[in-house]
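Per-entry structural report
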Amino acid sequence: MYCSNSFGNTILINCKFVVFSMNILITGIHGFVGSNLVGALSKEHVLYGVDIVAPSKTGVKETFSWRELDFASQPHTSQELEIARKLQHIDVIIHLAGKAHDTKNRAQAQEYFDINTGLTQKIFDFFLASGARKFIFFSSVKAAADFVVCDVLTEKVIPTPIGPYGESKIAAEEYIFSKEAQWRGGKEVYVLRPCMIHGPGNKGNLNLLYNVVKKGLPWPLGDFENRRTFTSIDNLCYVIDGLIQKEVPSGIYHMADDEALSTNELIALMCEALGKKPHIWKVNRGFMTGCARLGSAIHLPLNLERLRKLTENYVVSNAKIKSALGISQMPVRARDGLLKTLRSF
């Protein structure tokens, strides 16, 4: 029994998929997510990169600069013609490159729009003019909402981003869909909105919290009970592989692990990874809120904004992407994925 996907390179023999190699172009290929995708995809596909740096990388055939993308449409020299020839055979583009959320608020707002919106416009215009059939854009749940009003954040929410990071991401999404008449029917476009991505090699807020717990200090916010979801890099790579191989409708998809955890559970997992007994103190919520209010006034580490981030509910639904991929659950449980990340620290 045989079947073919839109690329004509996947057949079904005795009810098993046999995947043929595709040429995949990944922007931001040297970053955390890009490096993990290389490990996940390079065994079956030919990978190319676009980045601001171009060192050799195992599993990547060649990395181009952003400037070299322009040669694909208007080559003038023999070298430019050779670059254009290589870029003509791209099947899938995965756009990861972007400016990460600066939690210290040191970045200028225009930087986010120059990078998150501007580079998306550039690579998407390249995609429209190319022979590539699939485009995967890494947006963020922060493009949809800075905080979750209802119990669960779904794709049906009307986007209300707060701050230049989320605003620049939603502007990029809007640009993609403003060109829908040019790609609908002939190409597939996916906008992924993952919540906090974690995995070995990631250095973000999870790592900062881990270092606090590592010092053996008691956790004083045990009286706050919240729920939030995370995204394991292994689950993310699995979803990307599914979007590449399967026939999935174009659209916006939120990305998260199946289970939500509380910050208290996260602290306990950190202690488990460290081989320590957790010390979670249930100090009165009103008292801790008052301390945070004072911290905001005199610039202490615990302020109202940080307290909100540590104790807020932020549960993201992954029901739509699972339905589109025809699966009932993600391959990695949230707890297992977090333990793998924490042990890598």
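One structure accompanies this document, and this report is about it. Source: prediction; values computed, not measured.

Take the side chain of N235 next. Topologically, N235 is positioned in helix α7 (residues 233-245). A polar contact is formed between the side chain of N235 and the side chain of D257, at a distance of 2.8 Å. Among all residues touching N235, those that are not within four sequence positions of it are M255, D257, M330, P331 and V332.

Next up on the list: the pairing of strand β3 (residues 23-27). For β3, the tally of buried residues reaches five of five residues, placing the bulk of the element in the interior. Taking every second residue as pointing to the same face, both faces of β3 are buried, with N23, L25 and T27 on one and I24 and I26 on the other. A crossover links β3 with its parallel partner strand β4 (residues 46-50), the connecting element being helix α1 (residues 32-41), and its sense is right-handed. The sheet contact formed by β3 and strand β6 (residues 92-95) spans four bridges and is parallel. In the sheet register, T27 faces β6, and the bridge partner there is H95.

A separate point is the packing of aromatic side chains. The final tally for this structure, using the stated rule, is eight aromatic pairs. Consider the rings of Y48 and F64, whose centres lie 6.1 Å apart with planes at 20°: the pair is stacked. Residue Y48 is located in strand β4, and its partner F64 is located in strand β5 (residues 60-64); the two are separated by 16 residues in the primary sequence. Y48 sits in the buried class, given a relative accessible area of 7%. For the pair F124 and F127, a centre-to-centre distance of 5.5 Å together with 35° between the ring planes defines the contact as tilted. Of this pair, F124 and F127 both sit in helix α3 (residues 109-129), three residues apart, which is roughly one turn of the helix.

In a regular helix each residue adds 1.5 Å, so 21 residues correspond to 30 Å; α3 covers 30 Å between its end C-alpha atoms and thus fits that length. In the structure, α3 departs most strongly from a straight axis at G118, where the bend amounts to approximately 25°. Among the residues of α3, those classed as buried are Y112, N116, T117, L119, T120, I123, F124, F126, F127 and L128.

Among the seven residues in strand β8 (residues 188-194), six count as buried, and that is most of the element. Summarising the sheet, strand β7 (residues 134-138) and β8 pair through five bridges and their orientation is parallel. The residue bridging F135 from the neighbouring strand is V189, located in β8. Sheet analysis places β8 next to strand β11 (residues 251-255), joined by five bridges and oriented parallel. Bridge pairing in β11 places V191 opposite I252.

What counts and what doesn't
Counting from 1, residues in each chain are numbered in the order their sequence is written. Local features are withheld for residues below a pLDDT of 70 in this predicted model, meaning they are given only at 70 or higher, and side-chain atom pairs are given and counted only at 80 or more; totals for whole chains, interfaces and linings count all residues. Only hydrogens and water are set aside; all other atoms, that is, all heavy atoms of the structure, feed into the side-chain values. Helical segments are the DSSP runs of H or I of at least four residues, strand segments are the runs of E of at least two, and each set is numbered from the N terminus. Side-chain atoms alone can form a polar contact between residues adjacent in sequence; in general such a contact is a pair of N or O atoms within 3.5 Å, and within protein one must be able to donate a hydrogen while the other accepts it. Note on contacts: a residue pair is in contact if any heavy atoms of the two residues lie within 4.5 Å. Throughout this description, buried means an accessible area under 20% of the type-specific maximum (1.4 Å probe, protein chains only), exposed means over 50%, and partly exposed covers the range between. With the strands pointing away from the viewer, any crossover whose connection runs clockwise from the first strand over the helix to the second is right-handed. Strand pairing is defined by DSSP finding a minimum of two bridges between the two strands. Two aromatic rings, drawn from Phe, Tyr or Trp (for Trp, its six-membered ring), form a pair once their centres lie within 6.5 Å of each other, and the interplanar angle then sorts them: stacked below 30 degrees, edge-to-face above 60, tilted otherwise. One less than the residue count of a helix, multiplied by 1.5 Å, gives the span that helix is expected to have. The term bend refers to the angle at a residue between two fitted axes, each drawn through seven residues, those ending there and those starting there.

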